[in-house]
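# Chains, contacts and geometry: an overview
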Amino acid sequence: MKLYEKKDNKFLSLLSFSGKYKYLTIIGCILAGISAVLGLIPFIYIWKMIEEIILVMPNYSNAVNLAHYGWMALFYGILSIGIYFVALMCTHLSAFRNERNMKIITMNHLLKLPLGFFSNKSSGSLRKIIDYSSATTEGFLAHSLPDLISALVTPIAFLVLLFSYNWFFGALSLIPMTIALLILMPMMRGSNKEMLIKYQESLEDMNSEAVEYVRGIPVTKTFQQSIFSFKNFHKTIKDYSKFVTSYSISCQVPYTCFTVSINGFFALLIPAGILLIGSTFNPSLFLDLIFYIILTPIASLIMNKIMFSSQNWMIAKQSLLKIEKILDTKPLEESKNPQHIKSHQINFNNVSFKYPGNTKETLKNINFEIKENETIALVGPSGGGKTTLATLIPRFWDVDSGEILIGDVNVKNIKEKELMKNISFIFQKTQLFKNSILNNVLIAKKDAKKSEVLEALSAAQCDDIIKKLPDGIDTVIGKSGVHLSGGEQQRIALARVILKDAPIIILDEATAFADPENEYKIQKAFKKITEGKTVLIIAHRLSTIKNVDKILVIQSGEIIESGPHNELIEADGFYKNMWDNYNESVQWKVKNFQSPINLDNEKEGV
Ligand SMILES: Nc1ncnc2c1ncn2[C@@H]1O[C@H](COP(=O)(O)OP(=O)(O)OP(=O)(O)O)[C@@H](O)[C@H]1O
């Protein structure tokens, strides 16, 4: 049976996550309905006991059926609870399966999504969607659904009972119930439904601003902006409180009327009963009245169950929609006839691309070639599209038109595993795990020997880092007292790339190495990594790319100039202007700071 099928009916969509366990949900619901009906029977026996007592008054010894009625009430009460227990077991088993499958299906789908999808979403927000959504839908299926079914089934049995004893009292009891239903229905639909969605959204906004506020405390303190920084968080709290107040006020009248009507049976029944019974005592009429006084409070229980279960369904439905949004994101297409890479030359042929949801193209008609073992640099103004262009090679996104070839094979026809094996992508922002340095590097090549890892670390200029750590390469990063600077983290990440030894290197040169010594070492490691490889480097410091084979100048998603450094300088165009500005800024830096780096190194590239 296929797990998860998107359907227009969201309840069926949700249930499909349970697979064949969905039948347990159905059985659970049927049992919950039976239990609800059986739960009414003890009330009849209690009433019968009262009836017998009243009819034999004052000769109580004649009340011979009391014990039988009592046992029957107890029997049906226990039977009803027992069946409800089994019903809950069934719905729980199915709900647990549903939660588990929802998590597995969503996580599996995430693994198939283009890597670019994750650049738009924080891992925290994805985790929250998956955890929170599966937990709320589990809660609904396990508890609220059987409650809702029993609350819907009970009124039918209840109505039969109401009219089988005394139609007048039955009709009278029905008036507050009908009023309550009429109030409840609009509360569960239309603007109130939207209000509930908005309520959830404003709660989420407030929570994420709270996280943002706590995360930003060091920055805001540095700039002594505590009140300013609190403004956003304060605004979400105020918005939330404003919303909740107006929501509560809007519910005030209908909810009060609802509560009054579901609890107001007595206000109608007792005076009506007294009027009907009149001055001459009619025991049969009096008994009917007692019966309705015993029975009608069940109605308020039913109404409350309907209200809370419907609310929980609305929340579960919103959660399901969030999961469906992730599942609707198209995974990368796997080629039916995958081909192997024969060389490591890269070609961009008429490539155009725009980000999902954007109207403007980020890259327009890009054409260039990187021959095997050549190094090409991308330069240009911020936001021009350099990173976007580089991320298209390892298929973070698929191109909208044109093609990207590696060794004459379209990247779309290369198996993901082979593509990833052949490319190392060095990001500006390093991601190290809270694990030992050894395991952090081993991610690049699981079966590598310790000596290979040490060699890679040494080539990545990490010897000084390892030496100062208490347990050498077995030191766990992030453990108390073990902290690596940004530059040191970058060097550990470079060791991974050296160990992986992929023939194609895509390198996003970091700009934020504050420490000149780190910067020098990283440049040295970069040199080692790129030897004999096909390299695409996104350069921010022009000195490092002076000797590359070709430089592409990207502006507004287009290649506006291309060629080696000297040719571009001679052309006296955009690049020449960038180069002059860059040199000016280097001179300015040297004048203002006593950098320990040799200026020759800086200008010639290392
Ligand atoms: N994930 C994304 N979703 C939507 N738009 C994006 C995304 N990433 C980048 N962009 C947009 O694409 C354009 C190009 O961005 P890109 O990061 O490729 O530029 P860049 O030249 O690498 O900039 P920088 O030098 O500052 O890193 C920008 O306008 C940016 O806002």
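Quick note: structure is the one above.
Residues numbered from 1 in each chain as written. Predicted model: local features only at pLDDT ≥ 70, side-chain atom pairs only at ≥ 80, totals over all residues. Heavy atoms only, no water.

## Regarding the nonpolar core
- Grouped together as the largest cluster of nonpolar side chains are 46 residues, with contacts concentrated most on Val-379, Ile-437, Leu-457, Ile-492, Ile-545 and Tyr-575.
- Counting residues per element, this core draws most heavily on helix α19 (residues 486-500), which supplies six residues.
- Contacts of Val-379, omitting those with residues within four sequence positions, involve Lys-386, Ala-539, Leu-542, Ile-545, Ile-551, Leu-552, Val-553, Ile-554, Tyr-575 and Met-578.
- Of all hydrophobic cores here, the second largest spans 36 residues; its members include Ile-44, Leu-184, Phe-258 and Ile-262. (Core = buried A, V, L, I, M, F, W, Y, C linked by side-chain atoms within 4.5 Å. Buried < 20%, exposed > 50% of the residue type's maximum accessible area, 1.4 Å probe, protein only. Helix = DSSP H or I, 4+ residues; strand = E, 2+ residues; numbered from the N terminus. Contact = heavy atoms within 4.5 Å.)

## Focus on empty space enclosed by the protein
- Under the definition given, this model contains two cavities of 30 Å³ or more.
- In this structure, the second largest cavity occupies an estimated 30 Å³ of space.
- For the lining of the second largest cavity, a count of residues per class yields five nonpolar, one polar and three charged. (1 Å grid on protein atoms, 1.4 Å probe; cavity = no way out; pocket = protein on both sides within 12 Å on 5 of 7 lines; lining within 4 Å. Points joined across faces, edges and corners; volume = space filled by probe spheres on them. Nonpolar A, V, L, I, M, F, W, Y, C, P; charged D, E, K, R; others polar.)

## Here we look at helix α11 (residues 265-277)
- Taking 1.5 Å per residue as the helical rise, α11 with its 13 residues ought to reach 18 Å, and the 18 Å between its terminal C-alpha atoms agrees with that figure.
- Listed as buried for α11 are Phe-265, Leu-269, Ala-272, Gly-273 and Ile-277. Projected down its long axis, α11 shows its buried positions confined to an angular sector of 125°, all on one face. Away from its buried face, by an angle of more than 90 degrees, α11 presents the exposed residues Ala-267, Ile-274 and Leu-275. (Expected span 1.5 Å × (residues − 1). Arc of directions from axis to C-beta.)

## Description of the pairing of strand β6 (residues 423-426)
- Here β6 shows a buried face lined by Ile-423 and Phe-425 and a second buried face lined by Ser-424 and Ile-426.
- By the bridge criterion, four bridges tie β6 to strand β7 (residues 504-508) in an arrangement that is parallel. Looking at the pairing, Ile-423 lines up with Ile-504 of β7. (Pairing = 2+ DSSP bridges.)

## Let's talk about the environment of Ser-424
- Within the secondary structure, Ser-424 is located in strand β6.
- The class of Ser-424 is buried, set by a relative accessible area of 3%.
- C-alpha of Ser-424 to C-alpha of Lys-500: the two residues are 76 residues apart in sequence and 7.6 Å apart in space.
- Beyond its immediate chain neighbours, meaning those up to four positions away, Ser-424 contacts Val-497, Lys-500, Ala-502, Ile-504, Ile-505 and Ile-506.

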